[in-house]
Amino acid sequence: MIVVTTTDKLHETLSLFRREGRSIGFVPTMGALHAGHVSLVKQCVADNDVSVVSIFVNPTQFNDKNDLIHYPRTLDADLNLLEPVGVTVVFAPGVEEVYPQEDIRKFDFGMLDKVMEGKHRPGHFNGVAQVVSRLFDLVKPIRAYFGEKDFQQVAIIRAMVRQLNLPVEIVAMPIVREADGLALSSRNARLTSQQRKLAVKISEALTKSRNFAGRSSVQDTIKQVVDEINSNDGLQVEYFEIVDGNSLQSISEWQNTEYAVGCITVFCGEIRLIDNITYFAKQ
Ligand code: PAF
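Structure report, in brief. (Residues numbered from 1 in each chain as written. Predicted model: local features only at pLDDT ≥ 70, side-chain atom pairs only at ≥ 80, totals over all residues. Heavy atoms only, no water.)

What about the site of the ligand?
- Around the ligand, the neighbouring residues are P28, T29, M30, Q61, V131, F146 and Q153.
- Within the side chain of Q153, an N or O atom sits 2.7 Å from an oxygen atom of the ligand.
- In the complex, the protein chains occlude 89% of the 290 Å² of accessible area that the ligand would expose alone.
- A breakdown of the residues in the shell around the ligand according to their chemical character gives 4 nonpolar, 3 polar and no charged. (Near = heavy atom within 4 Å. Polar contact = N/O pair within 3.5 Å; in protein donor to acceptor, adjacent residues only side chain to side chain. Areas by Shrake-Rupley, 256 points an atom, 1.4 Å probe, with all protein chains shown as cover. Nonpolar A, V, L, I, M, F, W, Y, C, P; charged D, E, K, R; others polar.)

Here you go:
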């Protein structure tokens with residue numbers, strides 16, 4: 001596994017592989033890697049001749065500076081996790097390598113980023129689009145892998161790829177969960193043991209809601225999930241929306257969509273956790 005920290009070295013290393021006609025797959029990450037990331041990396045290694053993983057905590061996607069300061073940084077542990085999986089290149093740059101000049105680009109995603117995470121974290125998806133497009137430009141992968149836990153992020157990245165006409169296939173991978181159901185997240189590392197016990201209530205409420213989603217209205221389903229989670233001291237739902245999985249716009253009736261997804265964000269103390277559930281996806 002080759003670890004590079006500069007764009008020059010990355011370019012030099014990947015040019016060699018490209019000249020040999022090898023296919024390049026890419027997994028962008030912010031580090032603090034867990035089994036969810038490993039599932040993306042394993043798929044990338046299986047699909048491509050060369051696998052590149054970036055580890056970069058992108059400042060432009062943090063609307064909350066406190067969140068940026070506290071974001072876990074665990075480079076040595078991350079490299080130890082990646083080595084046995086068969087990664088070819090790890091790109092772990094500093095901010096000045098990714099942004100030699102300030103990135104002032106403004107993306108227009110229409111309604112896609114006006115809802116849910118985009119509404120509650122203004123500027124977040126513009127920052128994600130900035131860094132992912134910059135990394136795509138540096139790595140030039142033919143495939144890139146993202147986790148469906150960040151459901152809205154996947155939709156934004158697909159929209160960005162269409163807008164910029166980039167020759168990259170976006171591969172979305174299913175959420176990886178702990179044995180009790182909690183969706184894996186780098187933020188889980190910040191939960192106290194008490195909060196960790198509480199956090200499982202999020203996936204429990206979502207899973208239960210699948211049973212009565214078909215029998216109850218959209219509004220009653222939302223109310224049931226929110227009330228159940230908020231009944232736990234220490235958990236506070238920021239939003240729970242049931243949306244069309246393509247447009248990400250809220251639905252008011254189940255029959256308004258062929259693809260119904262419930263997306264939730266919950267504060268567990270100060271830690272913001274997200275999760276989602278697909279109720280149905282008709283072919
Ligand atoms: O999902 C993430 O970890 C980040 O948003 C990403 C895609 C690596 C961009 O910084």
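Here's the deal with the packing of helix 1 (residues 7-19) against helix 7 (residues 124-139)
- The N-to-C vectors of helix 1 and helix 7 enclose an angle of 50 degrees; their axes lie 9 Å apart at closest approach. The pairing of helix 1 with helix 7 is recorded here as oblique in orientation. Facing helix 1, whose interface residues are T7, L10, L14 and R18, helix 7 presents R134, L138 and V139. (Axes fitted to C-alpha atoms, helices over the stretch in contact; angles between N-to-C directions. Helix = DSSP H or I, 4+ residues; strand = E, 2+ residues; numbered from the N terminus. Parallel < 35°, antiparallel > 145°, perpendicular 65-115°, else oblique. Contact = heavy atoms within 4.5 Å.)

Description of the pattern of salt bridges
- In total, this model carries 17 salt bridges according to the counting rule given.
- Residue D227 pairs with K223 through a salt bridge whose shortest N-O separation is 2.5 Å. Note that D227 and K223 are positioned in helix 10 (residues 218-230) at a spacing of 4 residues, about one turn of the helix.
- Residue R272 pairs with E238 through a salt bridge whose shortest N-O separation is 2.7 Å. Taken as a pair, R272 in strand 9 (residues 271-281) and E238 in strand 7 (residues 235-244) lie far apart in primary sequence, 34 residues in all.
- R272 sits in the buried class, given a relative accessible area of 14%.
- For E238, a relative accessible area of 26% translates into the label partly exposed. (Salt bridge = Lys/Arg side-chain N within 4 Å of Asp/Glu carboxyl O. Buried < 20%, exposed > 50% of the residue type's maximum accessible area, 1.4 Å probe, protein only.)

Description of the packing of helix 7 against helix 8 (residues 151-164)
- Relative to each other, helix 7 and helix 8 sit at 55 degrees, their axes nearing to 10 Å. Classed by the angle they form, the pair helix 7 and helix 8 counts as oblique. Crossing angle aside, the handedness with which helix 7 passes helix 8 is right-handed. Together, F125, V128, A129, V132, S133 and F136 of helix 7 and Q152, Q153, I156, I157, M160, V161 and L164 of helix 8 make up the contact between the two elements. (Left-handed = near helix turned anticlockwise from the far one by under 90°.)

A word on the pairing of strand 7
- The element strand 7 is extensively covered by neighbouring structure, given that 8 of its 10 residues are classed as buried.
- Examined bridge by bridge, strand 7 and strand 8 (residues 259-268) share 9 bridges and lie antiparallel to one another. Note on strand 8: the bridge partner recorded for I242 is G262. (Pairing = 2+ DSSP bridges.)

Here's the deal with the packing of aromatic side chains
- Following the criterion strictly, the structure yields 7 aromatic pairs and no others.
- Ring plane angle 70 degrees and centroid distance 6.2 Å describe the contact between F26 and F136, whose orientation is recorded as edge-to-face. Taken together, the residues span a long stretch of sequence, with F26 in strand 2 (residues 24-29) and F136 in helix 7 at a distance of 110 residues. Both residues of the pair, F26 and F136, count as buried.
- Where F56 meets Y99, the ring centres are 6.3 Å apart and the plane angle is 55 degrees; that geometry is what we call tilted. A residue pair is termed long-range when its members are at least 10 positions apart, and F56 in the loop between strand 3 (50-55) and helix 3 (65-70) and Y99 in the loop between helix 5 (95-98) and helix 6 (116-120) qualify at 43 residues. For the pair F56 and Y99, a shared accessibility class is recorded, and that class is buried.
- Ring pairs connect the aromatic residues W254, Y279 and F280, which therefore count as one cluster.
- In this structure, K282 is placed above the aromatic ring of F280, and the distance from its NZ or CZ to the ring centre is 5.0 Å. (Phe/Tyr/Trp six-rings, centres within 6.5 Å; stacked < 30°, edge-to-face > 60°. Lys NZ or Arg CZ within 6 Å of the ring centre and 35° of its normal.)

Observations regarding the environment of D47
- Note on placement: D47 falls in helix 2 (residues 35-47).
- On the accessibility criterion, D47 (32% relative accessible area) is partly exposed.
- In this structure the C-alpha to C-alpha distance between D47 and S23, which are 24 residues apart in sequence, comes to 8.8 Å.
- Sequence-distant contacts of D47, defined by excluding residues within four places in its chain, comprise R143 and Y145.

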